[in-house]
Amino acid sequence: MTGLLHVLFAPGFFTSPPVRLALLTGGLAAFVSGVVGAFTVLRGQSYAGHALADISVTGGSGSYLIGISPLLGFAGTGVLAAGIMDSIGIRRPRGRDLATGIVRGAGLGLAALFLYWDTTHSNTTGITVTVLFGSMFTISPAVIPLVIVCSVLALAIVAVLYRPLLLSSVSGDLAAARGIPVRIVGLLSLIAIALAVSLSALTIGTILSTALLVGPAATALRITRRPGRATVTAALLGVGVTWLGIVLAYDSFTWPPRHDGWPVSFFVVALTFAGYLLAQLVSGRRPVRRAVRPAAGRATGPAAGPAAGRAVRRAEG
Amino acid sequence: MTMTPVTSAPPGSATDVLTVDGLSVRLGGRDVLTDVRFSIAAGEFVGLIGSNGAGKTTLLRVILGLTPPTAGTVSICGERHAARKGLVGYVPQKIQLDPDMPIRARDLVGLGLDGHKFGLPLPSRARRRQVEEMLQAVGAARFANERVGNLSGGEQQRVMIAHALISSPRLLLLDEPLASLDISSVQEIIALLARISAERGVSVLISAHEMNPLLPVMDRIVYLAGGRAATGTTSEVVRSEVLSGLYGHHVDVIRVHGRILVVAGSGDGLDIPPNPGEQPGAQLPGAQLGEQVGHGQSLSHGPPDDGPPDYGRPDYGRPADRP
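Residues numbered from 1 in each chain as written. Chains lettered and ligands numbered in written order. Predicted model: local features only at pLDDT ≥ 70, side-chain atom pairs only at ≥ 80, totals over all residues.

1. Regarding the sheet that holds strand β1 (residues 16-27) of chain B
All names here are of chain B. The three strands are arranged β2-β1-β4 in an open sheet whose pairing can be described as antiparallel. Looking at which strands have only one partner, the edges of the open sheet turn out to be β2 (30-41) and β4 (71-76). Going across the sheet, the axis of each strand differs from the next one's by a mean of 15°, ignoring polarity. Looking at chain direction, β1 and β4 are connected through five bridges and run antiparallel. Looking across to β4, one finds that Asp21 is bridged to Thr73. (Pairing = 2+ DSSP bridges. Helix = DSSP H or I, 4+ residues; strand = E, 2+ residues; numbered from the N terminus. Axes fitted to C-alpha atoms, helices over the stretch in contact; angles between N-to-C directions.)

In structure tokens form, the structure reads like this:
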């Protein structure tokens, strides 16, 4: 039994401080990304999430230049970009992709400059790799309070706006007609996305952070039919793939080709993708709809006659 | 000049659920609505009829408070900004619902009750019972646990109607709920709305570009054309003189087997004078309609679903001029 455990968890796994820190921050980031991601996918804002992740490269690379915590850089630029995207007009259907694209382009342009300065300044490409692809085992313990603040903020936004977000994801008009301040709700949901993406940028990198935002959520949406369950499932899936990724990365120090480990980010993203494919396979086999249409139907007042007629026609077709 | 032949009550009467007075809307430099005025009494079933682009959606949006009017007022139960106080239920134009969206019919109806509230929903037996009753009332209990995106057009409309009704509004606004439905669903939804309006005393304002399916249930009609509105019973409003005045050019109104065709023309070829002795076509109570629709006479032999809805079937409903 202990032998089996040793195969899975290499010796020293649970006692290593970097591993513990990775489990904590990685798990928290994945949980927040799952919860926020469920609403991101539900509201069709995956592209906005992607753009906010790209823009956080700017803040991350800039933070090394001025010597502040990278998470502060990620979150600062993300929230700022969310505000700009909203003011350009992300609410209009056509303005939406436009606003996102313009802000994303401008952000990445700055990121190119900052990353160039980072590289020439420190004579190493390490910072670039850390910003883009993350480095979960080198997270500084000093960042923990900020991780918790960002997590609580993002989760609080989703919890407070849970029902208005759901209703406006069905129809913005429907929500507005009920007196929901659609614009503020939209802006806050973008800020929640920016915070979630920043947390994941810290752990698995800016480029890959949308994988944790969208992947577990998309998987959860395929295998659940209730909004609450989809949210919880997405969060648990995210934590699951992150922790499993950390275990595998720790194990991989004995793996070929070079015996110095595979990056955590690779495992997290690969497992996320595998999970989605699996869900696709499972839900694809299941009939999309349970058979609920009895030939005669339950009497629904005056509608019973035509309903029965339609059912018959459908059966023939 | 506004054509307002007859209104059953003067605008602003105490019993009116909705009063629209002198309403004008200008959007993007174009006059969409000009001096529109009408009122709806409690329990009335009113059709908002007009071709595409006539301003039906704009009028509904102004009533909801989503679009500010350029001039004029809208009051609901005597209040100016009542739409948000639960007095108005709204069924928007056909919305695209993703089949992947994990929202069941039941969840969407529940959001009609408390979708505007902040914070996480707490499970409540009273809330669940209320949702269950509403689902039963609109005949949506069978597919209550299906994702809304997986439902057919008619089923989705039932769910949307339940969503709009569950907060017990005084006025139900429906934006083209019959568009893109097959003919049997059209009749089911009309019968459902007529029954709900009668049972619950809810006033209904339903927009449609095709008035014929609604003829048996409408108490009155608001006809929009050229940005202006004419109000009254169908036989008062849908006449060549009135509609020609709205459109600004001659149109003919042709009645065939209780159906009404509005045809643009010069007036010398097709001009069939309106029948002066005709009974108003809008006086059939919903219960009778339900009975007729319930037989579903020709429905199962009807045209295939993919064809355009054939509203003009001779055996649809009761001919308006043969009581």
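Having seen the model, we can carry on.
2. Here's the deal with the sheet that holds strand β9 (residues 228-232) of chain B
Residues and elements named next belong to chain B. Spatially, the six strands line up as an open sheet ordered β5-β6-β7-β3-β8-β9, and their pairing is mixed. The open sheet has two free edges, formed respectively by β5 (88-91) and β9, since each of these has just one partner strand. Each adjacent strand pair in this sheet contributes to an overall mean axis angle of 15°, direction not counted. Helix-sheet contacts for helix α4 (residues 153-165) involve β5 and β6 (171-174), and the interaxial angle to β5 is about 160°. (Contact = placed C-beta atoms within 7 Å.)

3. Section: the environment of Glu236 of chain B
Residue and element names in this part refer to chain B. Relative to the helices and strands, Glu236 resides in helix α6 (residues 234-237). Since 17 C-beta atoms lie within 10 Å of it, Glu236 is described here as partly exposed. A sequence separation of 15 residues divides Glu236 from Ile221, and the C-alpha atoms of the two residues are 9.1 Å apart. (Buried ≥ 20, exposed ≤ 12 C-beta atoms within 10 Å, placed from the backbone.)

4. Quick notes on the pairing of β6 of chain B
Residue and element names in this part refer to chain B. Going residue by residue along β6, you find Leu171 and Leu173 tucked away on one face and Leu172 and Leu174 tucked away on the opposite face as well. As paired strands, β5 and β6 are joined by four bridges and run parallel to one another. When the sheet's bridge partners are listed, Gly89 is paired in β6 with Leu172. Since β6 and strand β7 (residues 203-208) lie parallel, the crossover through helix α5 (residues 183-200) that links them has a hand, and here it is right-handed. (Right-handed = clockwise from strand over helix to strand, strands pointing away.)

5. Focus: the domain arrangement of chain B
Residue and element names in this part refer to chain B. When its domains are assigned, chain B resolves into domain 1 (1-87 + 169-323) and domain 2 (97-158). Opposite the seven residues of domain 1 that make contact, domain 2 presents six residues. For the side of domain 1 that touches domain 2, the per-class residue count stands at four nonpolar, two polar and one charged. (Domains from an automatic or database assignment. Nonpolar A, V, L, I, M, F, W, Y, C, P; charged D, E, K, R; others polar.)

6. Concerning the packing of helix α2 (residues 105-114) of chain B against α4 of chain B
Residue and element names in this part refer to chain B. It is at 7 Å that the axes of α2 and α4 come closest, and there the two elements cross at 25°. Accordingly, the angle class assigned to the pair α2 and α4 is roughly parallel. Crossing angle aside, the handedness with which α2 passes α4 is right-handed. Contacts from Ala105, Leu108, Val109, Leu111 and Gly112 of α2 reach α4 at Val159, Ala162, His163 and Ala164. The class makeup of the residues in the contact of α2 with α4 is seven nonpolar, two polar and no charged. (Parallel < 35°, antiparallel > 145°, perpendicular 65-115°, else oblique. Left-handed = near helix turned anticlockwise from the far one by under 90°.)

7. As for the confidence of the model for chain A
For any part of a model where pLDDT is low, the fine detail of the predicted coordinates should not be relied upon. Taken residue by residue, chain A gives an average pLDDT of 81. The fraction at 70 or more is 84%. Throughout residues 290-317 of chain A the model reports pLDDT below 50, and contacts reaching past four residues in sequence, or to other chains, amount to 47 contacts. (pLDDT = per-residue confidence, 0-100.)

8. Concerning the packing of helix α2 (residues 17-42) of chain A against helix α7 (residues 144-160) of chain A
Residues and elements named next belong to chain A. Two numbers describe how α2 lies on α7: the axes approach to 10 Å, and their chain directions differ by 20°. In this view, α2 runs roughly parallel relative to α7, as classed from their interaxial angle. With respect to the hand of their crossing, α2 and α7 are arranged in left-handed fashion. Seen from α2, the contacting residues are Thr25, Leu28, Val32, Val35, Val36 and Phe39; seen from α7, they are Val147, Ser151, Ala154, Leu155 and Val158. Taken together, the residues of the contact of α2 with α7 sort by class into nine nonpolar, two polar and no charged.

9. Observations concerning the nonpolar core
Ranked by internal contacts, the top residues of the largest apolar core, which has 181 residues, are Ala194 of chain A together with Tyr223 of chain B. In terms of residue count, the dominant contributor to this core is helix α10 (residues 182-204) of chain A (15 residues). When residues are assigned to domains, this core turns out to be shared by domain 1 (1-87 + 169-323) and domain 2 (97-158) of chain B, each giving three or more. Excluding anything up to four places from it in sequence, Ala194 of chain A contacts Leu52, Ala75, Gly78, Val79, Ala81 and Ala82 of chain A. (Core = buried A, V, L, I, M, F, W, Y, C linked by C-beta atoms within 7 Å.)

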